[in-house]
Amino acid sequence: MQREQPIFSTRAHVFQIDPTTKKNWVPTSKHAVTVSYFYDSTRNVYRIISLDGSKAIINSTITPNMTFTKTSQKFGQWADSRANTVYGLGFSSESHLSKFAEKFAEFKEAARLAKEKSQEKMELTSTPSQLYLHLSQACRAGAYLAKESATGELQSPLTPESINGTDDERVPRDASLNSEPRAEPNTVPFPHSSSSAINKHWEAELAALKGNNAKLTAALLESTANVKQWKQQLAAYQEEAERLHKRVTELECVSGQTAGIKTQKTELNQTIEELEAALKAKEEELERLKAEVERASELQLQKDAVSQKLQETETRNAELEAQLAGLEQRVETSQVEQESFRKSLRSLLELLDGKIFELTELRDSLAKLIDGSGS
């Protein structure tokens, strides 16, 4: 840890995907903890580290193939294939989440550049025979990709843990809401207003998913249009690499190589390196497209789930409205009965007042009779 220095820190609630179900979040901290980006200058490596007391609950090395995904306004996640898990962070505000995502993208790009520089150094120090071996492997990979592309059965080399948003990592929106403490209501909300708020919430969620699905569909269509061109380029690179490999082999077998042949060999080796780099770039682009296709499929599943929840909410809303109408009718009936009861009480009081008045007169008459008889 002495050679690593923290370069950015924030506070968040930490979660990990349930290793059993691969669908539910499991909190790894009881409260918000410090989450920091560390930089190792010796190895040129970026890591995300978080400690809960003396226990490390996050120790994730950032790689170029990682992606940080915002699943809500205050919740984000990323997959770590090395740790074989998915990390989730719940922030106190949307601005904190956006800042963390920006730093993730920045350090991911830095990790990619560091990896490319390391590969360039390795290529410069490799021998011609190693280059020929790499070329053969690239040719075989290109032939495999061309064959699979021709049959329309390209298989993605990515594992479910290497990208975000897979079935194992898909988490309901409720998980992100659980990252913030919620107070229990003191009174029971009115059924009609509560159902309307829930209905509006799911409608907004469905609209957002529709927008994301449309964007990904457009990107997928654009990428599919370029696949044929990339297949042709891959086939051309493969043929050129095979031809150059044969030419280099012939030149090596010729005895008494002249300076001109050596120069030609060097140029051919440089051409081979350029072809390998181009082939690698196309392979990375194909992997990215496969990841986008999988992401689009996952968004479609999420859209279907939200639609089902919205339908259930509408059904519940109709039931609550029916209950409310029944309650209003009962209240009206009760008011009518109370008004009738009040009228009956008024009549009884008037009758009682008349009887009391008669009794008072009778009492006065008896009292006069008593007084008269006594005198």
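Below is a summary of the structure that appears in this document.

What counts as what
- Residues numbered from 1 in each chain as written.
- Predicted model: local features only at pLDDT ≥ 70, side-chain atom pairs only at ≥ 80, totals over all residues.
- Heavy atoms only, no water.
- Helix = DSSP H or I, 4+ residues; strand = E, 2+ residues; numbered from the N terminus.
- Buried < 20%, exposed > 50% of the residue type's maximum accessible area, 1.4 Å probe, protein only.
- Contact = heavy atoms within 4.5 Å.
- Areas by Shrake-Rupley, 256 points an atom, 1.4 Å probe, with all protein chains shown as cover.
- Pairing = 2+ DSSP bridges.
- Phe/Tyr/Trp six-rings, centres within 6.5 Å; stacked < 30°, edge-to-face > 60°.
- Salt bridge = Lys/Arg side-chain N within 4 Å of Asp/Glu carboxyl O.
- Patch = residues over 30% accessible without salt bridge, like charges linked within 9 Å, V, L, I, M, F, W, Y side chains within 5 Å.
- Polar contact = N/O pair within 3.5 Å; in protein donor to acceptor, adjacent residues only side chain to side chain.
- Core = buried A, V, L, I, M, F, W, Y, C linked by side-chain atoms within 4.5 Å.

**A few points about the overall build of the chain**
Step number 1: When helices and strands are tallied, the chain shows 5 helices and 8 strands.
Step number 2: Mapped in sequence order, the helices and strands of the chain form the string β-β-β-β-β-β-β-β-α-α-α-α-α.
Step number 3: When burial is assessed residue by residue, the chain has 30% of its 375 residues classed as buried.
Step number 4: Of the contacts made within the chain by residues no fewer than 6 positions apart, 66% connect residues no fewer than 24 positions apart.
Step number 5: When the accessible area of the chain is evaluated, it comes to approximately 24,000 Å², of which 54% is carbon and sulfur surface.

**A closer look at the pairing of strand β7 (residues 75-80)**
Step number 1: Summarising burial for β7: 6 of the 6 residues are buried, a large majority.
Step number 2: Along β7, one buried face is formed by F75, Q77 and A79 and the opposite face, lined by G76, W78 and D80, is buried too.
Step number 3: Strand direction decides the pairing type here: strand β6 (residues 69-70) and β7, joined by 2 bridges, are antiparallel. Residue pairing for β7: T69 is matched across the bridge by Q77.
Step number 4: Counted along the chain from β6 to the antiparallel partner β7, the turn is 4 residues long.
Step number 5: Sheet topology note: the β7/strand β8 (residues 85-90) ladder contains 6 bridges and is antiparallel. By the bridge assignment for β8, D80 is matched with T85.

**Considerations on the packing of aromatic side chains**
Step number 1: All chains considered together, the criterion is met by 14 aromatic pairs.
Step number 2: Consider the rings of Y37 and F107, whose centres lie 4.9 Å apart with planes at 65°: the pair is edge-to-face. Here Y37, found in strand β3 (residues 33-40), pairs with F107, found in helix α1 (residues 94-125); they are 70 residues apart in sequence, far enough to count as distant. In this structure, Y37 and F107 share a single accessibility class: buried.
Step number 3: With 4.7 Å between their ring centres and 35° between their planes, Y39 and Y46 make a pair best called tilted.
Step number 4: Overall, the relative accessible area of 24% leaves Y39 in the partly exposed class.
Step number 5: Overall, the relative accessible area of 13% leaves Y46 in the buried class.
Step number 6: The rings of F8, Y37, Y39, Y46, F68, W78, Y87, F91, F100, F104 and F107 are connected pair by pair, giving a single aromatic cluster.

**Some points on the environment of Y37**
Step number 1: Exposure remark for Y37: the relative accessible area of 1% places this residue in the buried category.
Step number 2: For the pair Y37 and Q5, spaced 32 residues apart in the sequence, the C-alpha separation amounts to 8.4 Å.
Step number 3: Residues contacting Y37, with those up to four places away along its chain left out, are Q5, P6, I7, F8, R47, I48, I62, F100, K103, F104 and F107.

**Here we look at the pattern of salt bridges**
Step number 1: Overall, the coordinates contain 10 salt bridges when judged by the stated rule.
Step number 2: Across the pair R295 and E298 runs a salt bridge, and its minimum N-O distance is 3.8 Å. Linking R295 with E298, this pair stays in helix α5 (residues 259-374), spanning 3 residues, or about one helical turn.
Step number 3: Given a relative accessible area of 5%, E298 falls into the buried group.
Step number 4: In the salt-bridge network here, residues are joined through shared partners; they are E109, R112 and E116.

**A word on the pairing of strand β5 (residues 55-61)**
Step number 1: Inspection of the sheet shows strand β4 (residues 45-52) paired to β5 by 6 bridges, in the antiparallel sense. Bridge assignment links L51 to a residue of β5, and that residue is A56.
Step number 2: The turn joining β4 and β5, which pair antiparallel and follow one another in sequence, is formed by 2 residues; a positive phi near 75° is taken by G53.

**Let's talk about a nonpolar patch on the surface**
Step number 1: Together, F341, L345, L348 and L351 line one region of the surface with nonpolar side chains, adding up to about 410 Å² of accessible area.
Step number 2: Take L348: it is sitting in helix α5.
Step number 3: Judged by relative accessible area, L348 falls into the exposed class, the value being 53%.

**Focus: the environment of N44**
Step number 1: Within the element layout of this structure, N44 appears in the loop between β3 and β4.
Step number 2: Considered as a pair, N44 and E4 are 40 residues apart in the sequence and their alpha carbons are 9.8 Å apart.
Step number 3: Apart from residues lying up to four places away in sequence, N44 is in contact with Y39 and A114.
Step number 4: Only 2.8 Å separates the side chain of N44 from the side chain of Y39, close enough to count as a polar contact.

**Description of the nonpolar core**
Step number 1: Ranked by size, the top nonpolar core spans 22 residues in total, and within it Y37, I48, I58, W78, L89 and F100 carry the most contacts.
Step number 2: Mapped onto this core, the elements with two or more residues apiece are β1 (4-17), β3, β4, β5, β8 and α1.
Step number 3: Element by element, the count of residues in this core is highest for α1, at 5 residues.
Step number 4: Not counting chain neighbours up to four residues away, the residues in contact with I58 comprise V14, I48, I49, S50, W78, Y87 and L89.
Step number 5: In terms of nonpolar packing, the next biggest core, distinct from the first, is built from 8 residues, W202, L209, L216 and A296 among them.

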